[in-house]
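Below are the chains, spelled out letter by letter.
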Amino acid sequence: MKEDCRALETIMVHGSKEKDEQTGTISMPIYQTATFSHRGLNQSTGYDYSRSENPTREELEKTIAKLEGGKSGFAFSTGMAAIDAVLRLFLPKDHVIVSEDLYGGTYRLFEKVYKKYGIEVDYVDTTDIEKIKAAVRKNTKAIFIETPSNPMMRVTDIEKIAAIAEPFKILTIVDNTFLTPYFQRPLSLGADIVIHSGTKFLGGHNDTLSGLVVANKFIEELKFTQTSTGAVLSPFDSWLILRGIKTLALRVEKQQENAIKLADWLRKCKNVNEVYYPGLKEHKGYDIAIKQATGFGSMISFTVVKKEFIEKVLKNLEIIYFAESLGGVESLITYPYLQTHAAIPEEMRNRIGVTDKLLRLSVGIENINDLIGDLDRALNF
Ligand SMILES: *Cc1c(COP(=O)(O)O)cnc(C)c1O
C-alpha cells in the first residue's frame, strides 16, 4: 500500500522509518551516542553530532511530521523549549497576538522572557474573530493559539484565524497539546506551525518530558535554532515518546470515552457549578469542535460551589492524583489558580475564569466506575 494512504493509527504504530534497515529491529534502536565517526574528509554518514542529528530523534521528528501532515518535525527537551524555539523566529518590535486563556508557562515565557527582548504581545479572546481582527497591527507577525485552551477549554476556529492571518503574512501557530494529531490537525486547517508538549498525550505515561514542533514554514530557521541553542530531546527520551505514540489512538479514545461520561456525571453533581468540556452540547465551542476536530479530548475543567470545598476534594480523592500535568494514562487533577496558572496576574485569571473554585481534570484510562466512585466520594460529602 502506498505510504501516503496509510491511516494515522498505522503511522503511529509503524513510525516513519518502519524499522532499522541494517538489522530489521521492530523497535527503533536507541542510538545512545554523542558523536559519529567520519569515514574520511567530507565523508559524513549524515550524522555528525547528536545535537545536530541523531537517528532515534530523527525517527520521532519524521513520525510527528507525518502525523501532523507537515514538512518537518523537531524534537526538544520540553514543550517550553519547543515554544521557545518558535518564538526565536521573532525580532524586537514584532507583535504577537496570543490566546488570553493559555498554559501559564507560555504566558510566563512571553511576559518574563520575550518582552525583555522587545517582542510585543497582546492577549486576546481568540474565540472572538472580531477581537482578533481589531488586534492586528502593522507589525503583527503571528497569532498564537491554544485550542481547546488551557484550562477553560475555549475553542478557537483555526480556519478562520488562518484566513485572517494569511493575507498579511502573519503566522498561525497552534499549540495542539490537548487534542494531538489523532483528533485535530491544525496544518490541514491552514496553520503554519504546530507545537506540542509531548510530555502530555504523545508520551502518555507521565514519565517523560518532551516538546515537538511541526512546521510548514521557517524550517531552516527552526533547524538552525535547534542546533544552535541545543535543547534537543535525548535519544532515550525520543524512544520513549515514539513508544508512547504507538498506543496514542487507543489511549486517547479510551480517555475520551471516560471523559464524556465524567463530564455528564459532573454536570449533575450538586456541589459542582460549571463544567467546561467541548463535548457537551451546551459548551460554547461545541459546533466549532465538531467542525475542526474528530474528537473532544479528555480534559475537563469544573467549578465547585464553594472555594472551601477545594481542599476537601483534593484530600478525598484516592485514584485521581492531585498533580500537575495531563494527558497520561493516570487521571490527574490540578488547581490551576495556584499551580499551572499561578504566573498569570489575578485580574487576568478572574477575567478568563481561572478562579479559586476551578479544578482541571485530566481523565486517564482507569475503569470509569472507579473514577466516578472516586469523584463521588470526594465531591458528595
Ligand atoms: C504542559 C504544556 C506546555 C509545556 O510543556 P512542558 O513539556 O511542560 O514544557 C505547553 N503547552 C501546553 C498546552 C501544555 O499543557
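Residues numbered from 1 in each chain as written. Predicted model: local features only at pLDDT ≥ 70, side-chain atom pairs only at ≥ 80, totals over all residues. Heavy atoms only, no water.

## Observations regarding the sheet that holds strand S8 (residues 272-276)
Let me state the cut-off plainly: Pairs of strands are assigned from DSSP output, requiring at least two bridges between the strands. Helix and strand assignments follow DSSP, with helices taken as H or I runs no shorter than four residues and strands as E runs no shorter than two, numbered in order from the N terminus. Contact definition: two residues touch when any of their heavy atoms are within 4.5 Å. Note on geometry: axes are C-alpha line fits, over the in-contact stretch for helices, and angles between N-to-C directions span 0 to 180 degrees.
With mixed pairing, the five strands of this open sheet are ordered in space as S8-S9-S12-S11-S10. The open sheet is flanked by S8 and strand S10 (321-322), the only strands paired with a single partner. Summarising the sheet, strand S11 (residues 332-334) and strand S12 (residues 358-362) pair through three bridges and their orientation is antiparallel. Each bridged residue has a counterpart across the sheet, and for Ile333 the counterpart in S12 is Leu361. Relative to strand S9 (residues 299-304), helix H10 (residues 248-267) is tilted by about 10°, and along the sheet it contacts S8, S9 and S12. The strands that helix H12 (residues 309-316) touches are S9, S10, S11 and S12; relative to S12, the one it contacts most, it runs at about 25°.

## A closer look at the domain arrangement of the chain
Selection rule: What fixes the domain bounds is an automatic or database domain assignment. When two components associate, each loses some accessible surface as probed by a 1.4 Å sphere; the sum of these losses over both components is called the buried area.
Looking at the chain, the domain boundaries give domain 1 (8-246) and domain 2 (249-379). Each of domain 1 and domain 2 has a C-alpha centre, and these two points are 25 Å apart. Contacts between the two partners involve 39 residues from domain 1 and, on the opposite side, 43 residues from domain 2. With both sides pooled, the region where domain 1 packs onto domain 2 buries about 3400 Å², and carbon together with sulfur makes up 60% of that total.

## Considering the nonpolar core
Basically, it comes down to this: Each nonpolar core is a collection of buried residues, namely Ala, Val, Leu, Ile, Met, Phe, Trp, Tyr and Cys, held together in the definition by side-chain atoms within 4.5 Å. The buried label applies to any residue whose accessible area, calculated with a 1.4 Å probe on protein chains only, is under 20% of its type's maximum; exposed applies above 50%, and partly exposed to all values in between.
With 45 residues, the main nonpolar core has Met12, Leu60, Ile143, Tyr182, Leu202, Ile245 and Leu248 as its most contacted residues. Counting contributing residues, this core receives three or more from each of domain 1 (8-246) and domain 2 (249-379). If we ignore the near neighbours within four places in the chain, the residues touching Leu202 are Ile64, Thr180, Pro181, His196, Leu212, Ile241, Gly244, Ile245, Leu248 and Arg251. If you look at the next biggest cluster of nonpolar residues, it comprises 35 residues, including Phe74, Met348, Val354 and Leu358.

## Observations regarding the packing of aromatic side chains
To keep it simple, the criterion reads: Here the aromatic set is Phe, Tyr and Trp, taking the six-membered ring for Trp, and pairing holds for ring centres within 6.5 Å; pairs whose planes are under 30 degrees apart are stacked, those over 60 apart are edge-to-face, and all others are tilted. Whether a charge lies above a ring is judged from NZ of Lys or CZ of Arg, which has to be within 6 Å of the ring centre and within 35 degrees of the ring normal.
In total, this model carries ten aromatic pairs according to the counting rule given. On the basis of an interplanar angle of 85° and a centroid distance of 5.7 Å, the ring pair of Phe110 and Phe144 is categorised as edge-to-face. In this pair, Phe110 sits in helix H4 (residues 104-114) while Phe144 sits in strand S4 (residues 140-146), placing the two residues 34 residues apart along the sequence. Taken individually, Phe110 and Phe144 each receive the classification buried, so the pair is uniform in this respect. Each ring, one from Tyr182 and one from Phe183, has its centre 5.1 Å from the other, and the planes form 55°; the classification is tilted. Comparing Tyr182 with Phe183, the two get one shared label, buried. Taken together, the aromatic side chains of Tyr277, Tyr286 and Phe296 make up a single cluster linked through ring pairs. The ring centre of Tyr337 lies 4.5 Å from the NZ or CZ of Arg349, which sits over that ring.

## Description of the pairing of S12
Across the five residues that make up S12, a large majority, five, are buried. Neither face of S12 is exposed, since Leu358, Arg360 and Ser362 on one face and Leu359 and Leu361 on the opposite face are all buried. As defined by bridge partners, S9 adjoins S12 across five bridges and the pair is classed as antiparallel. Residue Thr303 lies in a different strand from S12, and its bridge partner there is Leu358.

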